[in-house]
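# Remarks on the overall topology
Each chain, letter by letter, is given below.
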Amino acid sequence: MNIELSRLGDGGLVVFADSPFPHDIRRIEYYRDQRLMMLVYDDPEHEGDLMHYELPDVAHEAVEASPNVMVIDHGPGRKLYGYDVPLVHIGDPLAA
């Protein structure tokens, strides 16, 4: 699954994948010291998906300024839809 992070016209963040997410996303955790994001799903049995690339400076600044993320999903048999999830910042803001 390829996951993209983008900014909307109003400056908000959006996450979209090229295939359906395995479950609805409950929250997104941002690990400041590593500049990595983890998708945490509603299903407690699923460990979540770690985005495997470090965010560049421009993306890091946008993530630091955002309290939430719009998730765009297109699960099997359903239309494209979006929903907001909290963006939880983990770690010292000065560490990154």
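Residues numbered from 1 in each chain as written. Predicted model: local features only at pLDDT ≥ 70, side-chain atom pairs only at ≥ 80, totals over all residues. Heavy atoms only, no water.

### Let's talk about the overall build of the protein
- The number of helices and strands found in the protein is one helix and seven strands.
- Scaling as 2.2 N^0.38, a compact globule of 96 residues should have a C-alpha radius of gyration of about 12 Å, and the protein matches this with 13 Å.
- When burial is assessed residue by residue, the protein has 35% of its 96 residues classed as buried.
- Counted over contacts in the protein with a minimum sequence separation of 6, partners at least 24 positions apart contribute 45%. (Helix = DSSP H or I, 4+ residues; strand = E, 2+ residues; numbered from the N terminus. Rg over C-alpha atoms; globule rule 2.2 N^0.38 Å. Buried < 20%, exposed > 50% of the residue type's maximum accessible area, 1.4 Å probe, protein only. Contact = heavy atoms within 4.5 Å.)

### Side note on the packing of aromatic side chains
- Tallied over the entire structure, the rule returns one aromatic pair.
- With a centroid separation of 5.5 Å and 25° between ring planes, the pair formed by Y81 and Y83 is classed as stacked.
- Of the residues examined, Y81 reaches a relative accessible area of 27% and is grouped as partly exposed.
- Given the relative accessible area of 16%, Y83 is considered buried. (Phe/Tyr/Trp six-rings, centres within 6.5 Å; stacked < 30°, edge-to-face > 60°.)

### Things to note about the confidence of the model for the protein
- Per-residue pLDDT for the protein has a mean of 87; in total, 96% of the residues score no lower than 70.
- Across the protein, strand 3 (residues 25-31) holds the top mean pLDDT of 95, while strand 5 (residues 49-50) sits lowest at 84. (pLDDT = per-residue confidence, 0-100.)

### Here's the deal with unusual backbone geometry
- One non-glycine residue, R35, lies in positive phi territory at about 55°.
- Its relative accessible area of 12% is what places R35 among the buried residues.

### As for the pattern of salt bridges
- Under the counting rule described, the total for this entry stands at four salt bridges.
- When the shortest N-O distance is used, the salt bridge between E29 and R27 registers 2.9 Å.
- For E29, a relative accessible area of 11% corresponds to the buried category.
- When its relative accessible area of 25% is taken as the criterion, R27 is described as partly exposed. (Salt bridge = Lys/Arg side-chain N within 4 Å of Asp/Glu carboxyl O.)

### Focus on the pairing of strand 3
- The pairing of strand 3 with strand 4 (residues 36-41) spans six bridges and is classified as antiparallel. Its bridge partner lying in strand 4, Y31 is registered against L36.
- Counted along the chain from strand 3 to the antiparallel partner strand 4, the turn is four residues long, and its residue R35 has a positive phi close to 55°.
- Sheet topology places strand 3 next to strand 7 (residues 81-90); four bridges connect them, and they run parallel. Each residue of the ladder has a partner; that of Y31, found in strand 7, is I90. (Pairing = 2+ DSSP bridges.)

### Let's talk about the sheet that holds strand 7
- The mixed open sheet is built from seven strands, whose spatial order is 1-2-6-7-3-4-5. For this open sheet the edge positions go to strand 1 (3-7) and strand 5, each flanked by a neighbour on one side alone.
- By the bridge criterion, four bridges tie strand 2 (residues 13-17) to strand 6 (residues 68-73) in an arrangement that is parallel. The partner of L13 across the bridge, within strand 6, is V69.

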